[in-house]
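As a plain string of letters, each chain reads:
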Amino acid sequence: MIDRRALTINLQKLGSLIGLILLVIVLAIMSPDFFTWNNIFNVLRQISINALIAFGMTFVILTGGIDLSVGAILALSGAITANYLVAGLNPVAAILLGLLAGTIMGAINGLLITKGKIAPFIATLATMTLFRGITLVYTGGRPITDFTSDLFTMIGGGYVSYIPVPVIWMLAIFAVLYFVLRKMSFGRRVYAIGGNEEASILSGIKVDRVKIAIYSLTGLLSAFAGIILTSRLNSAEANAGTGFELDAIASVVLGGTSLSGGKGWIFGTLIGAMIIGVLNNGLNLLEVSSFYQQVVKGIVILLAVLLDRKKAN
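Since this is a predicted model, take the numbers as computed values, not measurements. (Residues numbered from 1 in each chain as written. Predicted model: local features only at pLDDT ≥ 70, side-chain atom pairs only at ≥ 80, totals over all residues. Heavy atoms only, no water.)

### Considering the overall build of the chain
1) Next: Along the backbone of the chain there are 13 helices and 4 strands.
2) Next: The C-alpha atoms of the chain give 19 Å as radius of gyration, which agrees with the globular expectation for 313 residues (20 Å, within 12%).
3) Next: Each principal axis of the C-alpha distribution contributes one length, and for the chain these read about 65 × 55 × 35 Å.
4) Next: In the chain, buried positions account for 49% of the 313 residues.
5) Next: Once local pairs closer than 6 in sequence are excluded, the contacts in the chain between residues at least 24 apart make up 78%.
6) Next: Accessible surface, the chain: about 15300 Å² in total, of which carbon and sulfur atoms supply 67%.
7) Next: Looking at the chain, you have 21 positive and 13 negative side-chain charges, and the mean spots of the two groups are 12 Å apart. (Helix = DSSP H or I, 4+ residues; strand = E, 2+ residues; numbered from the N terminus. Rg over C-alpha atoms; globule rule 2.2 N^0.38 Å. Buried < 20%, exposed > 50% of the residue type's maximum accessible area, 1.4 Å probe, protein only. Contact = heavy atoms within 4.5 Å. Areas by Shrake-Rupley, 256 points an atom, 1.4 Å probe, with all protein chains shown as cover. Lys, Arg positive; Asp, Glu negative; His and termini not counted. Charge placed at Lys NZ, Arg CZ, Asp CG, Glu CD.)

Below you can see the structure in the form of structure tokens.
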């Protein structure tokens, strides 16, 4: 006998994957340039930036939080790494400093939310403005360019057997975080906090510690995304990452993670990031005006939120 409840849950989980397949089929029919190897690899490389940020955002949203500062963290971390590279510092050391800066910024978010008792939306809205302002001061509003390190160029612009290096990073980090969420006690704590924070406290979970770790992780992944973007463009700009927080949130929600927390999976986030990336690429190939592209993306995000509300009810 068919378990209808289990079937419904599985269909909800696979809904984003089905949507991605249908979107790919439609775009392949409408644009002959879509299903070429060059375009597919180009799409995957573009997706990698958003996916890395969205992976961290998944942990945040699973606890019932939100992080609006990820784009600003991306910009400042990329600028710090670029500045040290231009100053002649060892590329590995420069990258580690950029990653450290992103982790610290994420930890600041976590501390404001847990110890400062500020709502995640307000706390990260404030730090988004703060970190973006610091980036403008740090760079003087000018791009930082002319990197000579082949290692750094490889991170964002290199290939391994025709596969872009950022795609390899994306898949490797996805595998690690999937394991963390599904198999480790830390992942179980994340779900528990999002499901019922009060019960989690009573059961002995160090909720504040877990949240600080989650926001630090999101800062780290945003910083890494910023380093990859800086490497690929051979430039660090103060306005880099503007609006990336919206794409990351959309990817998480499209992937089936509930905005109320406690429900979701990181594989869905990967699929959601692919939907956003494929949609952007398809609209560009079809020569749709950038103004209308914003309208389409807004509708997609709105529909995803409405579906999330419907599932919650």
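That covers the picture; the talk isn't over yet.
### What about the pattern of salt bridges?
1) Next: If you walk through the whole model with that rule in mind, you get 3 salt bridges.
2) Next: A salt bridge links glutamate 197 to lysine 211; the nearest nitrogen and oxygen atoms lie 3.0 Å apart. With glutamate 197 in helix α9 (residues 197–202) and lysine 211 in helix α10 (residues 207–233), this residue pair connects regions lying 14 residues apart in the sequence.
3) Next: Relative accessible area serves as the criterion here: at 32%, glutamate 197 is assigned to the partly exposed category.
4) Next: The closest approach of N and O atoms between lysine 297 and aspartate 247, which form a salt bridge, is 3.1 Å. Here the residue lysine 297 occupies a position in helix α13 (residues 290–312), and aspartate 247 occupies one in helix α11 (residues 244–254), the gap between them amounting to 50 residues. (Salt bridge = Lys/Arg side-chain N within 4 Å of Asp/Glu carboxyl O.)

### Topic: unusual backbone geometry
1) Next: Here aspartate 146, not a glycine, exhibits a phi torsion of approximately 65 degrees, which is positive.
2) Next: Along the chain, aspartate 146 falls in the loop between β1 (144–145) and α6 (150–157).
3) Next: The exposure class assigned to aspartate 146 is exposed, which follows from its relative accessible area of 60%.
4) Next: With phi around 60 degrees, glutamate 287 is a residue other than glycine that occupies positive phi space.

### As for the packing of aromatic side chains
1) Next: Following the criterion strictly, the structure yields 8 aromatic pairs and no others.
2) Next: With a centroid separation of 6.0 Å and 70 degrees between ring planes, the pair formed by phenylalanine 34 and phenylalanine 35 is classed as edge-to-face.
3) Next: For phenylalanine 34, a relative accessible area of 5% corresponds to the buried category.
4) Next: You can call phenylalanine 35 exposed: its relative accessible area is 55%.
5) Next: Counting every residue linked through ring pairs, the aromatic cluster contains Phe55, Phe174, Tyr178, Trp265 and Phe267. (Phe/Tyr/Trp six-rings, centres within 6.5 Å; stacked < 30°, edge-to-face > 60°.)

### As for a nonpolar patch on the surface
1) Next: A cluster of nonpolar side chains, namely Tyr84, Leu89, Leu97, Leu100, Ile104, Ile108, Leu130, Ile134 and Tyr138, defines an oily patch on the protein surface of about 730 Å² accessible area.
2) Next: Among the secondary structure elements, those contributing two or more residues to the nonpolar patch are α4 (91–114) and α5 (120–139).
3) Next: Its place among the elements puts isoleucine 108 in helix α4.
4) Next: Residue class for isoleucine 108 comes out partly exposed when judged on its relative accessible area of 34%. (Patch = residues over 30% accessible without salt bridge, like charges linked within 9 Å, V, L, I, M, F, W, Y side chains within 5 Å.)

### Some remarks on the confidence of the model for the chain
1) Next: Summary statistics for the chain give a mean pLDDT of 90 and a share of 94% for residues scoring 70 or more.
2) Next: Across the chain, α4 holds the top mean pLDDT of 97, while helix α1 (residues 4–30) sits lowest at 75. (pLDDT = per-residue confidence, 0-100.)

### With respect to the environment of glycine 256
1) Next: With respect to the secondary-structure elements, glycine 256 resides in the loop between α11 and α12 (266–285).
2) Next: What makes glycine 256 partly exposed here is its relative accessible area of 23%.

### Quick word on the environment of phenylalanine 41
1) Next: Topologically, phenylalanine 41 is positioned in helix α2 (residues 37–62).
2) Next: When the C-alpha positions of phenylalanine 41 and isoleucine 163 are compared, they lie 7.0 Å apart, and in sequence the two are 122 residues distant.
3) Next: Not counting the four nearest positions on each side in its chain, phenylalanine 41 is found in contact with Tyr162, Ile163 and Pro164.

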